[in-house]
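# Observations on the model geometry
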Amino acid sequence: TASKIRGYVDMIFEHIYKPVPVNRCETIASSYNWSPPPPGTVMFFSDAALFHDFNKSGAGVVALDHMGQCIKACTEVFSGSLTPEMAEALALRRAVDMAREDNLFHVIFATDCLSLVQRLKSKAHDRSVVGSVIDDIKMATLGFSSVSFLHVRRQCNVLAHVLARSCFNSSGLCVFN
């Protein structure tokens, strides 16, 4: 299974994602233009996919450096029926865990779930169903020198989305360095 996923990720990087010096993702409806992070900063994209018929969800995470090159990626499968926002929160928590494991200090976390970004930027205690995951993420990011959370359009989050969808036939956690 791991070799199939690795081959799938390689295919994505070779045929779908072609980095250029200034990579922009723009749509008519988009008010946010994506470009690679500044030198010394790593940008993590996360996304989730729900597989209701199989009672599981998948998370995809992709880390890009200042050149727009993928430096790390992972997929994770979650058992049980989750709400879309909870699945997105768990995917983002996986991204934060990856950044902490790699001892990174300057990070940007991007997701296409606007409500999640709003909850993370809020100073109020979140008492919703995803509140405990929000608290986990906030606590885990205290060790970073600089951290920010961005909402991006789905078109900017394609790699993480494809990885999340690839979890359909896998189980557990797979990390690709």
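Remember, it's a predicted structure, so these values are computed and weren't measured experimentally. (Residues numbered from 1 in each chain as written. Predicted model: local features only at pLDDT ≥ 70, side-chain atom pairs only at ≥ 80, totals over all residues. Heavy atoms only, no water.)

### A look at the confidence of the model for the protein chain
Our working definition: Confidence of the prediction at every residue is given by pLDDT, a number between 0 and 100. Contact criterion: two residues are considered in contact whenever any of their non-hydrogen atoms come within 4.5 Å of each other.
For the protein chain, the mean per-residue pLDDT works out to 84, and 81% of the residues sit at or above 70. Note on residues 16-31: pLDDT is under 50 here. Beyond four places in sequence and across chains, it has 29 contacts.

### As for the packing of helix α2 (residues 84-101) against helix α3 (residues 114-121)
Using the following cut-off: Each axis is a line fitted through C-alpha atoms, and for a helix only the stretch in contact is used; angles between axes span 0 to 180 degrees, taken between their N-to-C directions. Under the scheme used here, helices are H or I runs from DSSP no shorter than 4 residues and strands are E runs no shorter than 2 residues, and both carry numbers assigned from the N terminus. Roughly parallel refers to an angle under 35 degrees, roughly antiparallel to one over 145, roughly perpendicular to one between 65 and 115, and oblique to any angle outside these ranges. Less than a right angle of anticlockwise turn of the near helix away from the far helix marks a crossing as left-handed, whereas a clockwise turn marks it as right-handed. Residue classes follow a fixed rule: Ala, Val, Leu, Ile, Met, Phe, Trp, Tyr, Cys and Pro count as nonpolar, while Asp, Glu, Lys and Arg count as charged, and any other residue, Gly among them, counts as polar.
Packing of α2 against α3 brings their axes to within 9 Å, and their N-to-C directions diverge by 60 degrees. Comparing their axes, α3 and α2 come out oblique. Here the hand of the crossing between α2 and α3 comes out right-handed. Where α2 approaches α3, its residues Glu85, Glu88, Ala89 and Leu92 are matched on the opposing element by Ser115, Leu116, Arg119 and Leu120. Its residues assigned to classes, the contact of α2 with α3 comprises four nonpolar, one polar and three charged.

### Some details on the sheet that holds strand β5 (residues 146-151)
We count it as follows: Pairing between strands is defined by DSSP: at least two bridges between them are needed.
Within the open sheet, the six strands sit side by side as β5-β4-β1-β2-β3-β6. Their pairing is mixed. In the strand order of this sheet, the two ends are held by β5 and β6 (173-176), each with one partner. The sheet shows a mean angle of 15 degrees between the axes of neighbouring strands, taken without regard to direction. Bridge count between strand β3 (residues 70-79) and β6: four bridges; the pairing is antiparallel. Counted as the bridge partner of Thr75 is Cys174 from β6.

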